[in-house]
Amino acid sequence: MTDNHLVGFADPNAVSDHDEENEIANIKRSVSKKSGGFQSMALSFPVLKGILKRGYKIPTPIQRKTIPLALEGRDVVAMARTGSGKTACFLIPLFEKLKARQAKTGARALILSPTRELALQTLKFIKELGRFAGLKAAVILGGDSMENQFSVIHGNPDVIVATPGRFLHICVEMDLELKNVEYVVFDEADRLFEMGFGEQIQEIVNRLPESRQTLLFSATLPKILVDFAKAGLSDPVLVRLDVDSKLPEGLTLSFITCRPEEKLAVLLCLLKKIIKPDSQIIIFAETMHHVEYLHQILDKASISNTFIYSNLDPSARKINAAKFQTGKVRVLIVTDVAARGIDIPHLDCVINFNFPAKSKLFVHRVGRCARAGRTGTAYNIVSADEYPYLLDLHLFLGRPLTIVPPAGSATGDVESAVGKLPQTMVEEELAELINWHNNSTDLTNMQKVCNNAYQQYIRSRPGASTESVKRIKQLRINEAGILPQYSDVSPTVADMISRMKNYRPQGTIFEIGTKTNSVDYRVMKAKRVFHKENILNFHKKVEERKTDEINAELPEKVNLPSSNAEEIEAAFSTVVVPKKRSSDDLYKISKKKKKRRTNRDDEFYIPYAAPDKHTEDGLAVNSFVTEAGKAQMDLTADNDESRHLQMQLKKWDRKKKKMVTVENAKAKKIRTESGVWIPATYKTNRYNTWKEKSKINEMNEDDSEEEESSQMPKLRTAANTHWARHNQKLMDKVKVRSELKRPEQILKARKLLERRRRRSDRKGKGQQNSKKRKH
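Residues numbered from 1 in each chain as written. Predicted model: local features only at pLDDT ≥ 70, side-chain atom pairs only at ≥ 80, totals over all residues. Heavy atoms only, no water.

- The name an unreviewed UniProt entry gives the protein chain is RNA helicase, with Ooceraea biroi as the organism.
- UniProt, in the comment section headed Subcellular location (unreviewed entry), describes the protein chain in these words: "Nucleus, Nucleolus".
- Of the protein chain, the UniProt comment under Sequence similarities (unreviewed entry) reads exactly: "Belongs to the DEAD box helicase family. DDX54/DBP10 subfamily." (UniProt positions renumbered as here; feature names shortened; annotations may be inferred.)

Okay, structure coming up:
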């Protein structure tokens, strides 16, 4: 186990008394000045000192609400926007609850994370925030050596940070008892269930004591998570601040439309000419094939980049993420599956190469930047098949969809307007891309693979709302002009290009390029003369519709103070928005109602719901079920295997009118004591083999361990290396010998005694033979 995976912290008593008194005085002084800071939370000195040394001054809203509840010992389900400080919400109460190192009791806190990167990031936070708490933390990850992890567990860490799959494997192999665990955290809990860790989490929870305190942190709350919280938590408190329906205040949005074949050219324009050269950028693509293809293109363009996707080797993922976090490369290309929970403190820009199909997924993506009060920009490249999702997003955010007019530039606030890049800029990069593809067979083959992968992705992509699909045809986004912030081309050239793109010839294909004496030409001319009045009336109606739309938009541009979501929630407990229906629809509905009207005796009629049901639901305060049911987000798979696995585990439910998950067959599975079915590969004989090899027995941990830990705390390690064996010998000298011998010691003593007897017998026989020869 490397040093990064096992962390021991400094002794809090190592600080001199004089310095400690000065720091306590400074903290008391700051308490009176800032009553809303961490100082007012009644934290102990080592914890508060670690917080202040880390640079935290004022808690974020989610920290201000969650930490006092956790310190009271309540079970908490916290929903917050990404980048709002969720990690500190569960680490500060953890340090306060555990207080000091206890080498004899074993693990007292467990933190479960969905990915390796998030687990290592949490361990780093523990090291920084809790360096004065004197606790010992360890990380258990898939892909690392199990033998090293056995020795780590034998070292009795106070805090274990783990991924669910490997941690359950360790628990089953070692028959690990988790009876001393007091504090459990499920970080990014919705992602844990989306990745298929439901069985493992349920089995781990069954092994935990009922008296534990549980904290559950998530960006969204799908139904499976709500059911888990109701069953596994005792009287949970739902903290729902900075919900993912809001975007960070410092985030700027830019929506760029283009044809599908121009997407790569627009991406290169952004990276080369628009975004600053020293900026750190994350690019989101839909599949792993798109990630590899973009990586090759950016290498050709001499833009330093790296990539992460779910099928990548764990060590390669760790190396690539470290390259980007340390600033060695400028661009990181990822899929949604790989990017969950990665915290890049100084991220400047996010680029959506493929526009997300779900609005909450968009919020999650762009939430990677503009974190903790910083500013950032999200660039979104949108093609024709993604326009309905763009309209869905604006409806979700409650923002107007502003389209830049074709001629000239938009006036007023066009921060999140929809428009294009200058065509000359795009054509430059497009010509270079065509040249690269003509000279490289690898790029051409990869482009074909990406096209096939995109077709597969479209099949699994959830559809946009029918209202958006209908409405988007009337908005004419294709005719959008150049975004003003990117209009570096002269206005005359821009006007000429827009006119060329919007030009429609007067004649039809039967009239253009044919002779005047041909039959087709004469027929079409006669037809045009006959329908001349209808054609003129149609053009008039189109012009009138455009003027009506312009006039209808004018009253909306009055500068009135806008209200935020908090004010709306404070004023209205329930908001009911009626669907807009045309007069024809209303007539049909009234006609149907007249036909279906039946006689009802009100004296004996019993309704399905109470008359005041909606009123009671609206007036309910902090109802866990109603609040939790408002948020849900599912990530699509980034490779074919994961997508097929998702599809084959579902079937059509007639009652629910949707695809539901089918339970796996119990083949090649074993049933645990709690009744949960887990894969049979979780139980092998590796732990027993390791115990025999390293000569370690659980009965070795007796009362002398306290003396051992106090005298030589740094020498507690398994004898796997030369220095470890040397340290083990020193520890054996310090140990007080026990009067009772273990079975292995008795057996060893018997074997040594038998060997001595054989040697003495051989010597005796040899002496007798020599005497006989002499005689």
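This is not the end of the story, as more comes after the structure.
**Brief notes about the overall build of the protein chain**
Right, so step 1: Each helix and strand in the protein chain was counted, giving 31 helices and 19 strands.
Right, so step 2: Relative to its full complement of 775 residues, the protein chain shows a buried share of 42%.
Right, so step 3: Put simply, of all contacts in the protein chain between residues at least 6 apart along the chain, 76% involve residues at least 24 apart.
Right, so step 4: By element, 52% of the accessible surface of the protein chain is carried by carbon and sulfur atoms, the whole surface being about 45800 Å². (Helix = DSSP H or I, 4+ residues; strand = E, 2+ residues; numbered from the N terminus. Buried < 20%, exposed > 50% of the residue type's maximum accessible area, 1.4 Å probe, protein only. Contact = heavy atoms within 4.5 Å. Areas by Shrake-Rupley, 256 points an atom, 1.4 Å probe, with all protein chains shown as cover.)

**Considering the packing of aromatic side chains**
Right, so step 1: For the coordinates displayed, the defined rule picks out 12 aromatic pairs.
Right, so step 2: Each ring, one from phenylalanine 186 and one from phenylalanine 228, has its centre 5.4 Å from the other, and the planes form 85°; the classification is edge-to-face. In this pair, phenylalanine 186 is assigned in strand β6 (residues 183-186) and phenylalanine 228 in helix α10 (residues 223-232), connecting sequence segments 42 residues apart.
Right, so step 3: Over the face of the ring belonging to phenylalanine 132 we find lysine 49, whose NZ or CZ atom lies 4.3 Å from the ring centre. (Phe/Tyr/Trp six-rings, centres within 6.5 Å; stacked < 30°, edge-to-face > 60°. Lys NZ or Arg CZ within 6 Å of the ring centre and 35° of its normal.)

**What about the environment of glycine 142?**
Right, so step 1: With respect to the helices, strands and loops of the structure, glycine 142 is situated in the loop between β4 (136-140) and α6 (146-154).
Right, so step 2: For glycine 142, a relative accessible area of 25% corresponds to the partly exposed category.
Right, so step 3: With 24 residues separating them along the chain, glycine 142 and arginine 166 place their C-alpha atoms 5.2 Å apart.
Right, so step 4: Setting aside residues up to four positions removed in sequence, glycine 142 forms contacts with Arg116, Thr163 and Arg166.

**Here we look at the pattern of salt bridges**
Right, so step 1: All chains considered together, the criterion is met by 20 salt bridges.
Right, so step 2: Two residues, aspartate 235 and arginine 74, come together in a salt bridge whose shortest N-O distance is 3.5 Å. Placement of aspartate 235 in the loop between α10 and β8 (237-240) and of arginine 74 in the loop between α3 (61-71) and β2 (76-79) is noted, with a sequence separation of 161 residues between them.
Right, so step 3: Judged by its relative accessible area of 57%, aspartate 235 is exposed.
Right, so step 4: Ionic pairing is found between lysine 179 and glutamate 177, a salt bridge with its closest N-O pair at 3.6 Å. Taken individually, lysine 179 and glutamate 177 each receive the classification exposed, so the pair is uniform in this respect.
Right, so step 5: Each of Lys272, Lys273, Glu428, Glu429 and Glu432 takes part in a single network of salt bridges with overlapping partners. (Salt bridge = Lys/Arg side-chain N within 4 Å of Asp/Glu carboxyl O.)

**Points about the sheet that holds strand β15 (residues 418-419)**
Right, so step 1: Across the sheet, which stays open at both edges, the 7 strands sit in the order β11-β12-β10-β13-β14-β9-β15 with parallel pairing between neighbours. Whereas interior strands pair on both sides, the edge strands pair on one side only; in this sheet they are β11 (305-308) and β15.
Right, so step 2: As defined by bridge partners, strand β9 (residues 251-257) adjoins strand β14 (residues 376-382) across 7 bridges and the pair is classed as parallel. Paired with leucine 253 across the strands is alanine 378, a residue of β14.
Right, so step 3: Packed onto the sheet, helix α13 (residues 314-325) meets β10 (281-284), β11 and β12 (331-334) and runs at close to 140° relative to β11. (Pairing = 2+ DSSP bridges. Axes fitted to C-alpha atoms, helices over the stretch in contact; angles between N-to-C directions.)

**Some thoughts on the packing of helix α5 (residues 116-129) against α13**
Right, so step 1: Where α5 contacts α13, the axes come no closer than 10 Å and their chain directions differ by 55°. Compared by their axis directions, α5 and α13 come out oblique. Here the hand of the crossing between α5 and α13 comes out right-handed. Residue-level contacts link Arg116, Glu117 and Leu120 of α5 to Pro314, Arg317, Lys318 and Ala321 of α13.
Right, so step 2: Residues that form the contact of α5 with α13 fall into these classes: 3 nonpolar, no polar and 4 charged. (Parallel < 35°, antiparallel > 145°, perpendicular 65-115°, else oblique. Left-handed = near helix turned anticlockwise from the far one by under 90°. Nonpolar A, V, L, I, M, F, W, Y, C, P; charged D, E, K, R; others polar.)

**Some points on the pairing of strand β7 (residues 213-218)**
Right, so step 1: Counting buried positions along β7 yields 6 of 6 residues, so the element is predominantly enclosed.
Right, so step 2: Taking every second residue as pointing to the same face, both faces of β7 are buried, with Gln213, Leu215 and Phe217 on one and Thr214, Leu216 and Ser218 on the other.
Right, so step 3: Relative to β7, β2 runs parallel, the two sharing 4 bridges. Paired with alanine 78 across the bridge in β7 is phenylalanine 217.
Right, so step 4: Pairing of β6 with β7 involves 4 bridges; the strand directions are parallel. What sits directly across from valine 185, in β7, is leucine 215.

**Focus on a positive patch on the surface**
Right, so step 1: Taken together, the side chains of Lys751, Arg755, Arg756, Arg758, Arg759, Arg762 and Lys763 define a basic patch exposed on the protein surface.
Right, so step 2: Inspection of the secondary structure puts arginine 755 in helix α31 (residues 743-774). (Patch = residues over 30% accessible without salt bridge, like charges linked within 9 Å, V, L, I, M, F, W, Y side chains within 5 Å. Lys, Arg positive; Asp, Glu negative; His and termini not counted. Charge placed at Lys NZ, Arg CZ, Asp CG, Glu CD.)

**Describing the environment of aspartate 348**
Right, so step 1: On the secondary structure map, aspartate 348 appears in the loop between α14 (336-339) and β13 (349-352).
Right, so step 2: On a C-alpha basis, the gap between aspartate 348 and cysteine 369 in space is 6.0 Å, while along the polypeptide they are 21 residues apart.
Right, so step 3: When sequence neighbours within four positions are dropped, the list of residues in contact with aspartate 348 reads Asp278, Ser279, Gln280, Cys369, Arg374, Gly376 and Thr377.
Right, so step 4: For aspartate 348, the side chain forms a polar contact with the main-chain nitrogen of glutamine 280, separated by 2.9 Å. (Polar contact = N/O pair within 3.5 Å; in protein donor to acceptor, adjacent residues only side chain to side chain.)

**Some remarks on α5**
Right, so step 1: The end-to-end C-alpha separation of α5 is 20 Å, in line with the 20 Å expected for 14 residues at 1.5 Å each.
Right, so step 2: The element α5 is extensively covered by neighbouring structure, given that 11 of its 14 residues are classed as buried. (Expected span 1.5 Å × (residues − 1).)

**Structural notes on the nonpolar core**
Right, so step 1: Among the nonpolar cores identified, the biggest contains 45 residues, and Leu267, Leu271, Ile283 and Ile351 are the most heavily contacted of them.
Right, so step 2: Ranked by residue count, the leading element in this core is helix α11 (residues 263-274), at 8 residues.
Right, so step 3: Not counting residues up to four positions away in its chain, the partners in contact with isoleucine 351 are Leu267, Leu270, Leu271, Ile275, Ile281, Ile282, Ile283, Phe284, Tyr379 and Ile381.
Right, so step 4: By size, the runner-up hydrophobic cluster in this structure holds 44 residues, among which are Phe186, Leu192, Phe197 and Val205. (Core = buried A, V, L, I, M, F, W, Y, C linked by side-chain atoms within 4.5 Å.)

**Quick look at α6**
Along an α-helix, a turn takes 3.6 residues, which lines up residues three or four apart on a common side.
Right, so step 1: Among the 9 residues of α6, 7 are classified as buried, and the element is accordingly described as predominantly covered.
Right, so step 2: Within α6, burial applies to Met146, Gln149, Phe150, Ser151, Val152, Ile153 and His154.
Right, so step 3: Just beyond α6, the residue with positive phi is asparagine 156, at close to 55°.

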